[in-house]
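What follows is each chain in one-letter form.
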Amino acid sequence: MKIVFAGTPEFAAQAMRAIYDAGHHIVLALTQPDRPAGRGMHLQASPVKQFAIEKKIPVIQPETLRRTSSDSHKKAQAEEAYQRLIQTDFDAMVVVAYGLILPQEILDISERPGRHGSFNIHASLLPRWRGAAPIQRAVEAGDQKTGVCIMQMDAGLDTGSTVLIDVVEITTSDTSATLHDKLAALGAKLIVNVLAQLDSGQTLTHTPQSAENITYAEKILKSEAEIDWSLEAKTIDAQIRAFNPFPGSTSGFEGQTIKLWNSSLCPKLDHKKGKPGEVLGFGERGIFVQCGADVIEVLEVQKPGGKRIDAKTWLQTVEGTKQPICFEALPK
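All values derive from a computational prediction rather than experimental measurement. (Residues numbered from 1 in each chain as written. Predicted model: local features only at pLDDT ≥ 70, side-chain atom pairs only at ≥ 80, totals over all residues. Heavy atoms only, no water.)

Novice: What is the right way to look at the overall build of the protein in this model?
Specialist: When you go through the protein residue by residue, the secondary structure sums to 8 helices and 17 strands. For the C-alpha atoms alone, the extent of the protein along its principal axes is close to 70 × 40 × 35 Å. Burial status across the protein gives 49% buried among its 332 residues. In the protein, of all internal contacts separated by at least 6 residues, the share reaching a separation of at least 24 is 64%. Accessible surface, the protein: about 16400 Å² in total, of which carbon and sulfur atoms supply 50%. Charge separation in the protein, taken as the distance between the mean sites of 36 positive and 39 negative side-chain charges, equals 3 Å. (Helix = DSSP H or I, 4+ residues; strand = E, 2+ residues; numbered from the N terminus. Buried < 20%, exposed > 50% of the residue type's maximum accessible area, 1.4 Å probe, protein only. Contact = heavy atoms within 4.5 Å. Areas by Shrake-Rupley, 256 points an atom, 1.4 Å probe, with all protein chains shown as cover. Lys, Arg positive; Asp, Glu negative; His and termini not counted. Charge placed at Lys NZ, Arg CZ, Asp CG, Glu CD.)

Right, dumping it as structure tokens:
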């Protein structure tokens, strides 16, 4: 099949590689403009663009797909993208974590006679966690399961009917990083399955989303990163794992901002209760830290300018500096 692919991050690139490896012809790729990244903040192509260049797939990078934009430069880019899609011969469009809203007129191009429309790989069990950050919000909320939905796109925000769904368990050791990798692999597998059905002439089963239990996964903000040690351990543990790899949960320590990258819940300890944020000593795998009413085991930390290290090693470097050793609120 001839496919137009729209996506940006590695999650999308993995699906793109799977589609390519399955023998489909990706005739055009849409991805976000190059962005500054790394220590030198040099412009960097997205993983989707990098793969497209490697395989000599044509790429366009409009800043918007809305031809009604008030910005003349963006409007011109949108018009160029629209005309490019009009002139491209393709069977279906696949959209994965693209980062731009597809207006109805773009979806209409993919729904012309003889075409199959646009399909989206969404990393949640819709209608739970529609929106920008479904993986992180599922971990943060303490969900026990998530999954991937292949959705026939409409003009709404992740509101289209689903054509294929598979479920993934969220373990107590999963971070957003580990869950991302599981869901990316599953999404790639499922979209290839859907395209194979279309290619063989099978009719997809469309299931409308439930009108109940709808939740929205708002974009993760750096302002959410600071840990409130007065909360219970379960909440803090979910936050630490949800914000790994971005933006990394933070806490103050002796005037510095420390990042906490991994943690675990631990059984009740027979000890004298400390104040919230107080380090109570070494655990089996990390260090025990007092929360509001219980204790969390922090496994991995990072000092400013340093690398991630296990929490036991970090504690050994700071023991004796002051007593008690305690994480604290960041200065406002």
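And the narrative resumes.
Novice: Would you mind showing me how to read helix 2 (residues 47–54) here?
Specialist: Helical geometry: 3.6 residues make up each α-helical turn, so side chains three or four residues apart lie on a common side. Burial in helix 2 covers these residues: Val 48, Lys 49, Phe 51 and Ala 52. Across the axial projection of helix 2, the buried residues extend over an arc of 160°, all falling on one side. Exposed side of helix 2, more than 90 degrees from the buried face: Ile 53 and Glu 54 are the residues found there. Following helix 2 by one or two positions, Lys 56 adopts a phi angle in the positive range, close to 60°. (Arc of directions from axis to C-beta.)

Novice: I tried to follow the sheet that holds strand 10 (residues 162–169) on my own but got confused; where do I start?
Specialist: Strand pairing in a sheet takes place through backbone hydrogen bonds and is either antiparallel or parallel in direction. Taken together, 7 strands build an open sheet; the order of strands is 5-2-1-6-7-9-10 and the sheet is mixed. At either end of the open sheet lies a strand with only one pairing partner, and these are strand 5 (59–60) and strand 10. Sheet strands touched by helix 6 (residues 176–199): strand 1 (2–7), strand 6 (92–96), strand 7 (118–122), strand 9 (145–152) and strand 10. Its angle to strand 10, the strand with the most contacts, is close to 155°. (Pairing = 2+ DSSP bridges. Axes fitted to C-alpha atoms, helices over the stretch in contact; angles between N-to-C directions.)

Novice: Is there a simple way to explain the nonpolar core in this structure?
Specialist: It is characteristic of soluble globular proteins that their nonpolar side chains tend to be buried jointly. Core analysis: the largest hydrophobic core is formed by 46 residues, its most contacted members being Phe 5, Met 16, Phe 119, Ile 150 and Ile 191. Setting aside anything within four residues of it in sequence, one finds Met 16 in contact with Phe 5, Ile 26, Ala 29, Val 48, Phe 51, Ala 52 and Ile 57. If you look at the next biggest cluster of nonpolar residues, it comprises 23 residues, including Ala 6, Ile 109, Leu 126 and Met 151. (Core = buried A, V, L, I, M, F, W, Y, C linked by side-chain atoms within 4.5 Å.)

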